[in-house]
Amino acid sequence: MATSLALAAVSIASVATAQTHVGRNVEGGIPWSVAAPQGANWSLVCRFAPVTYEASRYDLRRWTNKIATRGAGAARGRLPLQDGSCTVTKTGGPGPVAIAMVRGDEVVSDAASETGQTAAVGFL
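Given the structure is predicted, the values throughout are model-derived calculations rather than measurements. (Residues numbered from 1 in each chain as written. Predicted model: local features only at pLDDT ≥ 70, side-chain atom pairs only at ≥ 80, totals over all residues. Heavy atoms only, no water.)

### Re the environment of Q19
The following threshold applies: Strands here are runs of E lasting at least two residues and helices are runs of H or I lasting at least four, both read from the DSSP assignment and numbered beginning at the N terminus. Contacts were defined at the residue level, with two residues in contact if any of their heavy atoms lie within 4.5 Å.
Take Q19: it is sitting in the loop between α1 (2–17) and β1 (20–21). Along the backbone, Q19 and V51 are 32 residues apart, and their C-alpha atoms lie at a distance of 4.9 Å. Sequence-distant contacts of Q19, that is, excluding residues within four places in its chain, are made with P50, T52 and W63.

Encoded structure:
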């Protein structure tokens, strides 16, 4: 029992030290872009390795490993690191939705045309 608790404590500590501190630059990594040329509604979830960031001058070490948002039409943003993955799900409206990510010379993209359908891209 004591051995398993010690191993759990070591694994938790290693995860905590594996986080990258990005300061205020939470959009310094690879860009993502959602396209919905006919104005379709969508939900986006992006995941990446854990980071800590400065949310305010009082909250200097907030932790995250996910971005989740909803929208309609086009939207753009950036992940905090140079790796990660995003999925976009069409939630309604006319036309398809597409997601793309760019890292250097590499471009990955996918599209969803039916409500409830998911498109996924990512770099590891």
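Having seen it, we continue.
### Looking at the environment of A119
Note the threshold: Note on exposure labels: buried denotes an accessible area under 20% of the residue type's maximum, exposed denotes more than 50%, and partly exposed covers the range between, all computed with a 1.4 Å probe on protein chains only.
Structurally, A119 can be placed in strand β9 (residues 118–123). Taking the relative accessible area as the measure of exposure, A119 reaches 0% and is therefore buried. Between the C-alpha atoms of A119 and T87, which are 32 residues apart in sequence, the distance is 5.5 Å. Filtering out sequence-adjacent residues up to four positions away, A119 remains in contact with C86, T87, V88, I99, D110, A111 and A112.

### Focus on the nonpolar core
Rules: We call a set of buried residues a nonpolar core when its members are Ala, Val, Leu, Ile, Met, Phe, Trp, Tyr or Cys and they connect through side-chain atoms within 4.5 Å of each other.
W32, L44, L79, C86, V88, I99 and M101 are the most contacted members of the largest nonpolar core, which totals 23 residues. Broken down by secondary-structure element, the contributors of at least two residues to this core are β2 (31–35), β3 (41–53), β6 (84–92), β7 (97–103) and β9. For this core, the element with the highest residue contribution is β3, accounting for six residues. Every residue in contact with L44, bar those within four places of it in the chain, is listed here: W32, V34, I67, A68, T69, C86, T87, V88 and I99.

### Here we look at the environment of H21
Structurally, the position occupied by H21 is in strand β1. Given a relative accessible area of 34%, H21 falls into the partly exposed group. Separated by 59 residues in the primary sequence, H21 and P80 have C-alpha atoms spaced 9.7 Å apart. Setting aside its immediate chain neighbours within four residues, H21 contacts T52, Y53, E54, L60 and R61.

By themselves, these figures tell us nothing about what the structure is for.
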